[in-house]
Amino acid sequence: MIQFNEKTISRVNEIIARYPDGKQKSALIPVLHLAQVEFDGWLDTPVMDYVAALLKITPIEVYEVASFYSMFNLKPVGKHVFEVCQTGPCMLRGCDDIIDYIKKKLNIKVGETTADGMFTLKTVECLGACGYAPMMQLGKHYREHLTKESVDQIIEECRNK
Amino acid sequence: MSKKLLLNKAHVEGIRHFDVYRREGGYASIEKALKMQPADIVEEVKKSGLRGRGGAGFPTGMKWSFLAKPEGVPRYLVVNADESEPGTFKDRYLMEFIPHLLIEGMIVASFALGSNNSYIYIRGEYDWVADILEEAIKEAHQNGWLGKNIQGSGFDCNIFVQRGAGAYICGEETALLESLEGKRGNPRIKPPFPAVKGLWGCPTVVNNVETIAAVVPIINEGGDEYAKIGIGRSTGTKLISACGNINKPGVYEIDMTISVEEFIFSDEYCGGIPNGKRLKACIPGGSSVPIVPANLLLTTAKGEKRLMNYESLSDGGFATGTMMGSGGFIVLDEDQCIVKHTYTLARFYRHESCGQCSPCREGTGWMEKILQKIETGKGEMKDIDLLWDIQRRIEGNTICPLGDAAAWPVAAAIRHFRDEFEWHVKNPEKCLTQNYGLANYADPIQVAG
C-alpha cells in the first residue's frame, strides 16, 4: 500500500496549514514534490491517486497538474538524473558539446536511462544559471561551469554513492 | 562606480544569517515602517519612482495603490521568484546571498498592503534556494519579526515559501496564482486584475523579488532620495545578470546612468569579449526582448550613446531599439550563429507555451520547426517570410504576454539579420560547418510589417 512515512505526513500537514481552510488543493505541487522524492523519483498513477485522496481532490486534478509541470516524471528514471540546460545562453557557452559528451560517455540518448538504472539524461530549458553555463541540475543542486573533466568527476561521484 | 543599494552587503561574511544581517543594519526599515501609516508607505514607494523589476517595468507604487480593500476579505502579497526568463539569474543571486533583504522588504510591503499571510512562489528548480529562504524565515520568527504582533505593533505577519515545478509560464502573475492554488499554470483573462481578484479570489499584489528588496532602501532613505539615483524614469538601481560571450559573467548592480559600452567592456562589469572576438549582437533584457546588432546596441539610431536604462534601451522602438526587460543581458560574439540561437529560443517558447491559446500553442511549434529547418540547411527563401508572418499573427493575439515574448525574438532576428537567414538558405551545406560571422551592421535590413 502506498503511504507517506510519518515525517512526510507531518510535513504535508504543515504545508496545508499555510493556506486558508478549504484551500488544501494549494498544497498539491509541494506534496507532489515530496511524493516524487519518497517514491523512486517518479509519479506512478497509484501515487497520484494517493495524493488526491490525501488532499481530498479528484485524481484528474492531480494528473492534469503532474503532466503540466516539467519537473514531475511520469515514467521511471535512473537513480541519478542529469538535466542539462540547452537554451540560448548555455548554447553560447558550449552545452551541445557537453550533451554529446555525456551521451557518448553513458552510451545513451537524451531521454534514456542506462541499462543498470544508474543514470538518466534529460535536456531541459533555461534553469536560471546562464552566467555559470554550461550547467545541469543533479537532484537538489546545480552543477555549473561544466567541462568534460567535471562531467567525468560527477559521473564517478554518482557511481560511488 | 555605481551606487549599490541591494548588494552592498551581499559579501559580508555570514550575511545569510539573521544576527549578522541585523548587525549590519538589517530590519531597520521595518522599525521605521511600523511607525508609519500604510498609505504613507505606499506614497513613499510612489515617490521613489520604483518600477517593477520582473520585466514589465510597471510603477510599483501605482500597482500597490490599485489594491482593492473590501471589508472582511483578506489581502495577499505574493512575491514572484519564478525567475525563468533565459538570461536572467539576478533574483536567485539576491535570495541565495542576502535572503533577509527579501524577507525584510516583504514584511514592510505586507504591512503597507495589509497582508497577514504572504507567499514567495519560487521556481521549483531553485530547491536549495527555497531552503535558504525557509531558514531566513525561521530566524525572523525566532527574533520576533514574523508571527503574531510583530515587534509589539499589533500587526501579524507570516511568510511562506512555495516551490513551482518547472514552468516558465508561472512567471506570468495570473498563471503564478493558478499554480499557487494547485492548478496548471494557465494565465487568467484580465480583467479582473489580481489587485481586485487574485489569490483565492482575494485582492492580491504580485511583485518581483528585486522590486520587493528595493522597498528596503526606499523606506530607509526615503522615496525622494531613491528617486535621485538614476536618470529620468529609470530611478534607483537595477540588477543585471550578464551572460554569454563575456569575460566576467555574473550579477551586477548598476545605477542606470552607465552606457551599454561601459557595461560590456569595462573591467568593473562584463570585462569585454573573450579571446579578442568582436561583439556581434546582444539581447539586453532577457530572451524575450529584441536582439540588436552591435551598432544599434552601443548607439541609438539618433547617434546617441545608449545607456543601461528603460528609456535609452527602448529608444527607437522595435525598429532600432530593444528593452530593459528583466535585466538578463545576453552577449553574442562574432562566432555565434543568429539562426541557431534564435532556434534555441523558439524551442524554449514552444516548450513553455501553456497551450491555452491557439496562436501561441500552434505558432511556437511552427516557428521552432521552420527555424530548425533553416538551421539544418533545409530551408527555403519563402520560409523566412513565413516565419515573419507567423510571429506577426501570434503577437497581441494571446491571453498573456508569452505569445509576444515568443514572437519578438524571431521578429528581431529577421529584422536585423535577414541576410544571415538568407545565407543559410543559399548555402545549405556550408551552414552546417561554418558560421556567417558578422552581419552587415551599417545597413540593418528592414522588413515591411
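Residues numbered from 1 in each chain as written. Chains lettered and ligands numbered in written order. Predicted model: local features only at pLDDT ≥ 70, side-chain atom pairs only at ≥ 80, totals over all residues. Heavy atoms only, no water.

### Remarks on the sheet that holds strand β4 (residues 141-143) of chain A
Residue and element names in this part refer to chain A.
Next, step 1: The four strands lie next to each other as β2-β1-β3-β4, forming an open sheet whose pairing is mixed. The outermost strands of the open sheet, each flanked by one partner alone, are β2 (119-124) and β4. Strand-to-strand twist across the sheet, computed as the mean angle between neighbouring axes with direction ignored, equals 30°.
Next, step 2: Two strands pair when backbone bridges link them, and strand β1 (residues 80-85) and strand β3 (residues 136-138) are joined in this way by three bridges, in the antiparallel orientation. For E83, the partnering residue across the bridge sits in β3 and is Q137. (Pairing = 2+ DSSP bridges. Helix = DSSP H or I, 4+ residues; strand = E, 2+ residues; numbered from the N terminus. Axes fitted to C-alpha atoms, helices over the stretch in contact; angles between N-to-C directions.)

### Here's the deal with the domain arrangement of chain B
Residues and elements named next belong to chain B.
Next, step 1: Partitioning chain B into domains gives domain 1 (18-228), domain 2 (231-333) and domain 3 (338-441).
Next, step 2: Between domain 2 and domain 3, the C-alpha centre-to-centre distance is 22 Å.
Next, step 3: In this assembly, 20 residues from domain 2 lie in contact with 17 residues from domain 3.
Next, step 4: Both sides of the domain 2 and domain 3 interface together cover about 1600 Å² of buried area, and 67% of this is carbon and sulfur.
Next, step 5: Linking domain 2 to domain 3 there are one salt bridge.
Next, step 6: Between E420 and K280 there is a salt bridge; the shortest N-O distance is 3.0 Å.
Next, step 7: In this assembly, domain 2 and domain 3 are joined by five residue pairs in polar contact (both at pLDDT 80 or more).
Next, step 8: Where the side of domain 2 that touches domain 3 is concerned, the elements lending two or more residues are β9 (279-283), β10 (292-293), α12 (294-298), α14 (317-320) and β11 (328-333).
Next, step 9: Ranked by residue count, the leading element in the side of domain 2 that touches domain 3 is β9, at four residues.
Next, step 10: Each residue belonging to the side of domain 2 that touches domain 3 can be placed in one class, and the counts come to 14 nonpolar, four polar and two charged. (Domains from an automatic or database assignment. Contact = heavy atoms within 4.5 Å. Buried area = accessible area lost by both parts, 1.4 Å probe. Salt bridge = Lys/Arg side-chain N within 4 Å of Asp/Glu carboxyl O. Polar contact = N/O pair within 3.5 Å; in protein donor to acceptor, adjacent residues only side chain to side chain. Nonpolar A, V, L, I, M, F, W, Y, C, P; charged D, E, K, R; others polar.)

### Concerning the sheet that holds β10 of chain B
Residues and elements named next belong to chain B.
Next, step 1: Reading across the sheet, the five strands line up as β8-β7-β11-β9-β10 and stay open at both edges, with mixed pairing between neighbours. Two strands bound the open sheet, and with one partner strand each, they are β8 (250-254) and β10.
Next, step 2: Across five bridges, the pairing between strand β7 (residues 238-244) and β8 is antiparallel. Residue L239 lies in a different strand from β8, and its bridge partner there is E253.
Next, step 3: Helix α15 (residues 338-352) rests against β9 and β11 of the sheet, and its axis sits at about 15° to β9.

### Notes on the pattern of salt bridges
Next, step 1: A complete count under the given rule lists 47 salt bridges over all chains for this structure.
Next, step 2: Here E112 of chain A and K109 of chain A are joined by a salt bridge, their closest N and O atoms 4.0 Å apart.
Next, step 3: According to the relative accessible area criterion, E112 of chain A is partly exposed, its value standing at 33%.
Next, step 4: For K382 of chain B, the salt bridge identified is with E380 of chain B, shortest N-O distance 3.8 Å.
Next, step 5: Judged by its relative accessible area of 58%, K382 of chain B falls in the exposed class. (Buried < 20%, exposed > 50% of the residue type's maximum accessible area, 1.4 Å probe, protein only.)

### So, the confidence of the model for chain B
Next, step 1: Overall, the prediction assigns chain B a mean pLDDT of 95, with 97% of residues at 70 or greater.
Next, step 2: Among the scores for the predicted complex, ipTM is 0.97 and pTM is 0.96. (pLDDT = per-residue confidence, 0-100.)

### Some remarks on empty space enclosed by the protein
Residues and elements named next belong to chain B.
Next, step 1: Applying the stated criterion across every chain yields a total of two cavities of 30 Å³ or more.
Next, step 2: In this model, the largest cavity occupies a volume close to 70 Å³.
Next, step 3: Around the largest cavity, the lining is made up of 13 residues, and of these C354, C357, C360, T398 and C400 lie nearest the centre.
Next, step 4: Looking at the lining of the largest cavity residue by residue, the class counts come to eight nonpolar, five polar and no charged.
Next, step 5: Tallied by class, the residues present in the lining of the second largest cavity amount to eight nonpolar, two polar and no charged. (1 Å grid on protein atoms, 1.4 Å probe; cavity = no way out; pocket = protein on both sides within 12 Å on 5 of 7 lines; lining within 4 Å. Points joined across faces, edges and corners; volume = space filled by probe spheres on them.)

### Details of the interface of chain A and chain B
Next, step 1: Chain A puts 40 residues into the contact, and the matching count from chain B is 58 residues.
Next, step 2: Taking both sides of the interface into account, the surface hidden between chain A and chain B amounts to around 4000 Å²; carbon and sulfur atoms contribute 57%.
Next, step 3: Of all residues in chain A, the largest losses of buried area upon contact with chain B belong to R18, F68 and L92 of chain A, amounting jointly to 18% of the total for that side.
Next, step 4: Between E134 of chain B and R11 of chain A there is a salt bridge; the shortest N-O distance is 3.7 Å.
Next, step 5: Where chain A touches chain B, the interface holds 29 residue pairs in polar contact (both at pLDDT 80 or more).
Next, step 6: Of all the secondary structure elements, the ones that give two or more residues to the side of chain A that touches chain B are α2 (28-38), α4 (59-66), α5 (88-92) and β4 of chain A.
Next, step 7: Classifying every residue of the side of chain A that touches chain B by side-chain character gives 19 nonpolar, eleven polar and ten charged.

### Notes on the layout of surface pockets
Next, step 1: In this structure, the second largest pocket encloses a volume near 1000 Å³.
Next, step 2: If you trace the second largest pocket, you find 45 residues lining it, with H33, V37 and M71 of chain A together with D127 and R163 of chain B closest to the centre.
Next, step 3: Among the elements that take part in the lining of the second largest pocket, α2 of chain A stands out by supplying five residues, more than any other.
Next, step 4: Split into classes, the residues belonging to the lining of the second largest pocket amount to 16 nonpolar, 13 polar and 16 charged.

### Observations regarding the environment of E83 of chain B
All names here are of chain B.
Next, step 1: Within the secondary structure, E83 is located in the loop between β1 (76-81) and α5 (90-97).
Next, step 2: Once the C-alpha coordinates of E83 and N208 are considered, the two residues, 125 residues apart in sequence, prove to be 8.7 Å apart.
Next, step 3: Setting aside anything within four residues of it in sequence, one finds E83 in contact with T88, F89, K90, D91, R92, R123 and Y126.
Next, step 4: For E83, the side chain forms a polar contact with the main-chain nitrogen of D91, separated by 2.7 Å.

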